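Single-letter residue listing:
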Amino acid sequence: MASSHSEATHHIVPVPVYLGVFLALIVGTIVTTLVAYVDLGPFNIVVALFVAICKATLVILFFMHVKYSPKLTKLVVIAGIFWLIILLTITETDLLTRHWIGVPGR
Amino acid sequence: MASHGATLLRHHFENEEQQKEASSLGMWVFLLTEIMFFGGMFMAYLAYRQIYPDSFAAASFKLNIPLGAANTVVLICSSLTMAMGVHSAATGKQKLTVIFLILTLVLGFVFLGIKGIEYHDKWVHHEVPGPNFHPEDWPKNIDMSHASLYFGLYFGLTGLHASHMIIGAGLLLYLIIKASKGAYTPEWYTPVEMVGLYWHFVDIVWIFLFPLLYLIDPHFGK
């Protein structure tokens, strides 16, 4: 059972992959900073968060080796992100809809 | 020292793969608690930013975007050197491991130094929430009390992040000392890899903090 994992555990990420990820992260930082100066109305935050999520995904997959990790680790990472999404969306549904029916406190 | 592989395997694990997987799984579970910890603060920030968009944009305009962007680049560089440190440890290059870990530590201190300059600016310009809070050139039509809420969240989030960096610097110092004594081999370098995971996580937190705190409508003040 454990032997099926041995290949994944000993995987060593080649240096060019790290350099590629690094360049992508730098480009992402430049893009976010420049786009912020352009008035896109409500889409400024959408672009900013989209770029940030892409950058975070690159770091998680390559720098943190999740792409090369066993399925159990991947499951744990996905579960964590899923729980964070629960925290954010359920709070947002309250914040965004509370004034629809005139509940006190908003 | 001679039979590394045999001696470093704890008896409750079947083999080294399993031992290594257990370590990284445990580290990830810890990082999940960190995700929820920072997640709660991010949610508080997002909620108040939605409720007081104008005050938050005006307050965010007081931050120094070039310094924030520079710090983002510094942290990304430190993540690269950390990844290279883990890579060097995994391939048994002891000298390179030490060099990359030292570079990571130095970049961590550069980040904290720049953060210190920013905090000092906030202090000098009365932008720290408290009795002396009165930002200069504040737009007349915007409520200042909500700006103090923004700066409270700013100091809370960046302060929590900076304290993680300080803990990370301590961990790196420990790794540098151990690595220079040759404690890590391609068979066992788990501490280097685990601190790497922690360091990258702290980098990810900043990847979200920078656009959310610094880049709310910078065209606002134009």
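Residues numbered from 1 in each chain as written. Chains lettered and ligands numbered in written order. Predicted model: local features only at pLDDT ≥ 70, side-chain atom pairs only at ≥ 80, totals over all residues. Heavy atoms only, no water.

A. Layout of the overall build of chain A. In terms of regular secondary structure, chain A is built from 4 helices and 0 strands. Beginning at the N terminus, the succession of helices and strands in chain A can be written as α-α-α-α. Per-residue burial for chain A yields a buried fraction of 33% across its 106 residues. Pairs at least 24 apart in sequence give 50% of the contacts found in chain A among residues at least 6 apart. Per element, the accessible surface of chain A, about 6,500 Å² overall, is 79% carbon and sulfur. (Helix = DSSP H or I, 4+ residues; strand = E, 2+ residues; numbered from the N terminus. Buried < 20%, exposed > 50% of the residue type's maximum accessible area, 1.4 Å probe, protein only. Contact = heavy atoms within 4.5 Å. Areas by Shrake-Rupley, 256 points an atom, 1.4 Å probe, with all protein chains shown as cover.)

B. The arrangement of the interface of chain A and chain B in detail. Between chain A and chain B, the residue contacts involve 49 residues of the former and 50 residues of the latter. Between chain A and chain B, the buried area comes to about 4,300 Å², and carbon and sulfur atoms account for 79% of it. Along the contact surface separating chain A from chain B lie 0 salt bridges. Taken together, chain A and chain B are joined by 3 residue pairs in polar contact (both at pLDDT 80 or more). Secondary structure elements with two or more residues in the side of chain A that touches chain B: α1 (6–9), α2 (15–36), α3 (43–63) and α4 (71–97) of chain A. At 13 residues, the largest contribution of residues to the side of chain A that touches chain B is made by α4(A). Residues belonging to the side of chain A that touches chain B are distributed by class as follows: 33 nonpolar, 12 polar and 4 charged. (Buried area = accessible area lost by both parts, 1.4 Å probe. Salt bridge = Lys/Arg side-chain N within 4 Å of Asp/Glu carboxyl O. Polar contact = N/O pair within 3.5 Å; in protein donor to acceptor, adjacent residues only side chain to side chain. Nonpolar A, V, L, I, M, F, W, Y, C, P; charged D, E, K, R; others polar.)

C. Spotlight on the packing of aromatic side chains. Residue and element names in this part refer to chain B. Across all of its chains, the model carries 20 aromatic pairs over all chains by this definition. When the ring of Y45 is compared with that of F56, the centres are 5.9 Å apart and the planes differ by 40°; the resulting orientation is tilted. Taken together, the positions of Y45 in helix α2 (residues 16–51) and F56 in helix α3 (residues 53–60) put the pair 11 residues apart, joining distant regions of the chain. The class of Y45 is buried, set by a relative accessible area of 1%. (Phe/Tyr/Trp six-rings, centres within 6.5 Å; stacked < 30°, edge-to-face > 60°.)

D. Expanded view of the side chain of B:S88. All names here are of chain B. Tracing the backbone shows S88 in helix α4 (residues 65–90). Judged by its relative accessible area of 2%, S88 is buried. If sequence neighbours within four positions are ignored, S88 has contacts with K93, L96, T97 and F100.

E. Highlighting the environment of A:Y68. Positionally, A:Y68 belongs in the loop between α3 and α4. Since its relative accessible area comes to 15%, A:Y68 is described here as buried.

F. Geometry of the pattern of salt bridges. Residues and elements named next belong to chain B. Throughout the structure, instances matching the rule amount to 3 salt bridges over all chains. Here E118 and K115 are joined by a salt bridge, their closest N and O atoms 3.3 Å apart. In this pair, E118 and K115 both sit in helix α5 (residues 94–124), 3 residues apart, roughly one turn of the helix.

G. Spotlight on the confidence of the model for chain B. Residues and elements named next belong to chain B. Predicted confidence across chain B gives a mean pLDDT of 92, with 95% of residues reaching 70 or more. Put simply, helix α1 (residues 4–8) is where chain B has its lowest mean pLDDT, 57, and α5 is where it has its highest, 97. Segment residues 1–6 is flagged for pLDDT under 50; beyond a separation of four residues in sequence, or across chains, it makes 3 contacts in the model. Of the two predicted TM-score estimates for the complex, the pTM is 0.91 and the ipTM is 0.90. (pLDDT = per-residue confidence, 0-100.)

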